[in-house]
Amino acid sequence: MGPTATAQRVVLAEGRSSRRALFADTHHPCLGSGRTLPYSADRGKKSVSRQALNELKQQIPLLDYLHAQDWRPARHLSRGRLMGLCPLHSDHKPSFLVDPSKSLFYCYGCGRGGDVIRFVELYRQVKFPQALTLLHQFRALAPLLHESASFYRMQLHRHGEAVAYLHQRGVRSPELIEHMRIGYAPGGCLRGWLAQLGYPLPVLRQAGLVTAEGYDAYRHRIIFPLDGNLYGRSISVSAPPHRFLPGAKGGLYSWEQVRRYPDVILVEGLFDYAVLWQSGFHNVTCSLGSHLNAPQFQQLCGRTRTVYLAFDVDTNGSGQHAAQCLSRQLKARGITARRVCLPDGHDPNSFFVQGGDARQFQCLLEAAQP
Ligand SMILES: [Zn+2]
C-alpha cells in the first residue's frame, strides 16, 4: 500500500467523531516523517526538504488555490472556517470544510483531507512530484495572469470596437461579462503596465504575454481568463481567430459551477457558452475545441449524468464527427450522451445571434439523439 492509502487511513481514522481534532496538526500525515518521497531531487537526495515544502505551502494558501479553481464557499462557519461543495467527489450538499488559517481541508463526504499539495494530488489526479510541479507553475503564473486579466477587463469598456464585437456575437448582459470576466487586449499597453508593477520582461516573455520582439502578444483580441491560461479571440478577420498562451488549456470551462448538474450541455467555443449562459442555461460548459483533453474527459465521467453535445454543424462535418466519437467514448464509460441537432451551418452562438431563443433551444435539447 502506497503513502496515499496510508494518508487516507490516517485521515479517516481521525474521523467524523472528532471534528475538533481534524486540524489540530498543521502537518498533513502525507508529509509526515514516515513518508518517503517517491522521486529523487538534486544530487541524488531522496527528498525535498521540509522547509522547501513549507515555503511552497505558505506561498500558495489553500484558499487562493481553491478560488483559482472557481471553488466558492456555501457557508461561513466559526473561526473563519468555510464549508462548500467538495471538488473531489460528486457532492450535493456542502461537505467540504476549509480552514484558511491552517490551509487545510477535510471532506465529510469522501473522507479525504490534507493540505494544498494533497488537494492538487487528488484534484488533478497526479502523484506527489507532479503536484509540486503544478504548484510551482501556479505560483509563478497565477499572479501574472490575474494582473493581466484585470488590466484587460479595465480596457473593455474603453474600446468601442470591443463592445461592438461582443454585441455582434450576441454578448450583451453585464452580468455575463462579469461572470466570464471578459476583457479586451487593445495591444501595445500590457507590457508597460506589467513592467510598472515590477514584472521583468523575461518573465512576461516566458509566460507568452509578450513576444520575443517585445510586443504584446494579444492585440485586438477579446480576452477570456481560463484556469492557468488566457484565451484571446481576434476581432479582426486578418489575424488567426484563436490564441492561447503556451501551456495547457486547462479543464472544462467553469466546471466547478456546472459539475453538480445531472444534465450538462457541452459546447466547442466560449461564444457558444456565452449565449447559452445568457439565455439561462447555466448548466453549460465548454471544451475550447471539439477534441477534449484527458482531464476534460475525466471531468465529464466523474458521476452519472447526461451530456448534451451541442457542437458546430459546419459544412465539412468536423464538429458532428467529433460529437459522434465523443458520444461513443462517453457511452463506453456509462455516461449518457445526446447530440443536439442545430440547423445546417450553425453553432449555438449563430443560432442565438440569428434570432433563436431559449424555448427553441430547449426543443432542440428535447429532440437530441443518442
Ligand atoms: Zn469529497
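Residues numbered from 1 in each chain as written. Predicted model: local features only at pLDDT ≥ 70, side-chain atom pairs only at ≥ 80, totals over all residues. Heavy atoms only, no water.

Inspection of the secondary structure assignment puts Arg305 in the loop between helix 11 (294-300) and strand 12 (306-310). This buried residue, Arg305, is left without a salt bridge; Asp263 holds the nearest opposite charge, at 8.0 Å. A polar contact is formed between the side chain of Arg305 and the backbone oxygen of Arg259, at a distance of 2.9 Å. With residues up to four places along the chain from it excluded, the contact list for Arg305 reads Trp255, Arg259, Tyr261, Pro262, Val264, Gln299, Leu300, Ile335 and Thr336. (Helix = DSSP H or I, 4+ residues; strand = E, 2+ residues; numbered from the N terminus. Buried < 20%, exposed > 50% of the residue type's maximum accessible area, 1.4 Å probe, protein only. Lys, Arg positive; Asp, Glu negative; His and termini not counted. Salt bridge = Lys/Arg side-chain N within 4 Å of Asp/Glu carboxyl O. Polar contact = N/O pair within 3.5 Å; in protein donor to acceptor, adjacent residues only side chain to side chain. Contact = heavy atoms within 4.5 Å.)

This part is about the environment of Leu141. Along the chain, Leu141 falls in helix 5 (residues 128-156). In this structure, the C-alpha to C-alpha distance between Leu141 and Ala207, residues 66 residues apart in sequence, is 7.2 Å. The residues contacting Leu141, other than those within four sequence positions of it, are Ala207 and Gly228.

On to the side chain of Asn349, then. Tracing the chain through its elements places Asn349 in helix 13 (residues 348-353). For Asn349, the residues in contact, after removing those within four places along its chain, are Arg169, Phe271, Asp272 and Val275.

Remark: helix 4 (residues 116-123) packs on helix 5, axes separated minimally by 9 Å, with the N-to-C direction vectors making an angle of 110°. Taken together, the axis directions place helix 4 and helix 5 in an arrangement best described as roughly perpendicular. Counted together, Val116, Ile117, Val120 and Glu121 of helix 4 and Phe128, Ala131, Leu132, Leu134 and Leu135 of helix 5 form the full contact between these two elements. Of the residues in the contact of helix 4 with helix 5, the class split is 8 nonpolar, no polar and 1 charged. (Axes fitted to C-alpha atoms, helices over the stretch in contact; angles between N-to-C directions. Parallel < 35°, antiparallel > 145°, perpendicular 65-115°, else oblique. Nonpolar A, V, L, I, M, F, W, Y, C, P; charged D, E, K, R; others polar.)

Moving on: the confidence of the model for the protein. Scored by pLDDT, the protein comes out at a mean of 86, with 87% of its residues at no less than 70. For residues 1-21, every residue scores under 50 in pLDDT, and the model assigns this stretch 22 contacts once sequence neighbours within four places are set aside. Here residues 24-46 scores under 50 on pLDDT; set against residues more than four positions off or in separate chains, the count is 41 contacts. (pLDDT = per-residue confidence, 0-100.)

As a further point, take the coordination of the zinc ion. Around a metal, the perfect tetrahedron of four donors has angles of 109.5 degrees, and the perfect octahedron of six donors has angles of 90 or 180 degrees. Around the zinc ion, the protein supplies Cys86 (SG), His89 (ND1), Cys107 (SG) and Cys110 (SG) as donor atoms, at distances of 2.1 to 2.3 Å. Between the 4 donor atoms coordinating the zinc ion, the angles at the centre fall across 99 to 124°, so the site counts as tetrahedral. Judged by relative accessible area, which is 0%, Cys107 ranks as buried. (Donors = N, O, S within 2.8 Å, 3.2 Å for Na, K, Ca; no water. Tetrahedral: all angles 85-135°; square planar, octahedral: opposite > 155°, others 65-115°.)

Once that is clear, we can look at the sheet that holds strand 10 (residues 263-267). Reading across the sheet, the 4 strands line up as 11-10-12-13 and stay open at both edges, with parallel pairing between neighbours. Each of the sheet's edge strands pairs with one partner strand only, and the pair in question is strand 11 (284-286) and strand 13 (336-339). Averaged over all neighbouring strand pairs, the angle between strand axes comes to 30°, with direction disregarded. Here strand 10 runs beside strand 12; their pairing, made up of 5 bridges, is parallel. Within strand 12, the residue paired with Val264 across the bridge is Val307. Strands strand 10 and strand 11 of the sheet are contacted by helix 10 (residues 270-278), whose axis makes an angle of about 170° with strand 11. Across the face of the sheet, helix 12 (residues 318-332) comes into contact with strand 10, strand 12 and strand 13 while running at roughly 165° to strand 13. (Pairing = 2+ DSSP bridges.)

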